[in-house]
Amino acid sequence: MINKISSAFTILLMLTATVFASDLTGSLRSNQPIKIKSDELSTDTANRTATFVGKVSARQGDITIYSEKLIIKYSEKDQDVDSVEASGNVRVIQGDRQATAGHAVYDNKAGKIVFDVSPRVFQGDNVVSGRVITYFVEEQRSVVTGGGNGADARVEAEIHPRGRGKDGSSKP
């Protein structure tokens, strides 16, 4: 079961890393150890899940994922990872790149990561937000959708030209 957890988490970390262009290739990162900390771990063989709960932090190489809960689900047929779900104050950090959301799901069959519940992606001073941010792993493309009411009603992007800060002045 621990090997399956490691494999699932490697997949999540590598795919999330793809959201943030990385200096390390996926193959190099997958050889690095995965360190997961949480207040509790429970496994359910009958339901094919491993659940980490409470101040979850998972690190592999230069990527760290934080959440309140992380659930890894396996398929019945071949024991491959079906999905990895992170919920509660989800943060994915790599260098100056960060994604935040209330919830994120990696769907292995669909080949996508969906960030929802107030998702935002930051790189330096640049920010993109919307109702849902979907990253299609194989296609290396993303879609940010708006809709609904409130702060997430529309897609918002704040992009600063290289060498410029939030106030428009040149960075030193």
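Refer to the preceding data block for the structure.
This structure is a prediction, so every number in the text was calculated from the model and none was measured.

Describing the overall build of the chain
Counting its regular elements, the chain contains two helices and 12 strands. Going residue by residue from the N terminus, the α and β elements of the chain occur as α-α-β-β-β-β-β-β-β-β-β-β-β-β. Scored against the burial criterion, the 172 residues of the chain give a buried share of 34%. Pairs at least 24 apart in sequence give 39% of the contacts found in the chain among residues at least 6 apart. Counting only carbon and sulfur atoms, one obtains 47% of the accessible surface of the chain, whose full area is about 9,800 Å².

A short note on the nonpolar core
Counting 21 residues, the largest nonpolar core has L70, I72, V84, V92 and F115 as its most contacted members. Every element with two or more residues in this core is listed here: β3 (49–60), β4 (63–74), β5 (81–94), β6 (97–107), β7 (112–116) and β10 (132–136).

Let's talk about the pairing of β7
Here β7 shows a clear split, with I113 and F115 buried on one side and none of K112, V114 and D116 buried on the other. Across five bridges, the pairing between β6 and β7 is antiparallel. Counted as the bridge partner of A104 is F115 from β7. Pairing of β7 with β10 involves five bridges; the strand directions are antiparallel. Bridging across to β10, F115 finds its partner in I133.

Focus on the pairing of β6
Relative to β6, β5 runs antiparallel, the two being bridged by 10 bridges. Across the sheet, S87 pairs through a bridge with H103, a residue of β6. What sits between β5 and β6 in their antiparallel hairpin is a turn of two residues, with G95 showing a positive phi close to 60°. Summarising the sheet, β6 and strand β8 (residues 120–123) pair through four bridges and their orientation is antiparallel.

What counts, and at which threshold
- Residues numbered from 1 in each chain as written.
- Predicted model: local features only at pLDDT ≥ 70, side-chain atom pairs only at ≥ 80, totals over all residues.
- Heavy atoms only, no water.
- Helix = DSSP H or I, 4+ residues; strand = E, 2+ residues; numbered from the N terminus.
- Buried < 20%, exposed > 50% of the residue type's maximum accessible area, 1.4 Å probe, protein only.
- Contact = heavy atoms within 4.5 Å.
- Areas by Shrake-Rupley, 256 points an atom, 1.4 Å probe, with all protein chains shown as cover.
- Core = buried A, V, L, I, M, F, W, Y, C linked by side-chain atoms within 4.5 Å.
- Pairing = 2+ DSSP bridges.

As far as function goes, none of this settles anything; it's purely spatial.
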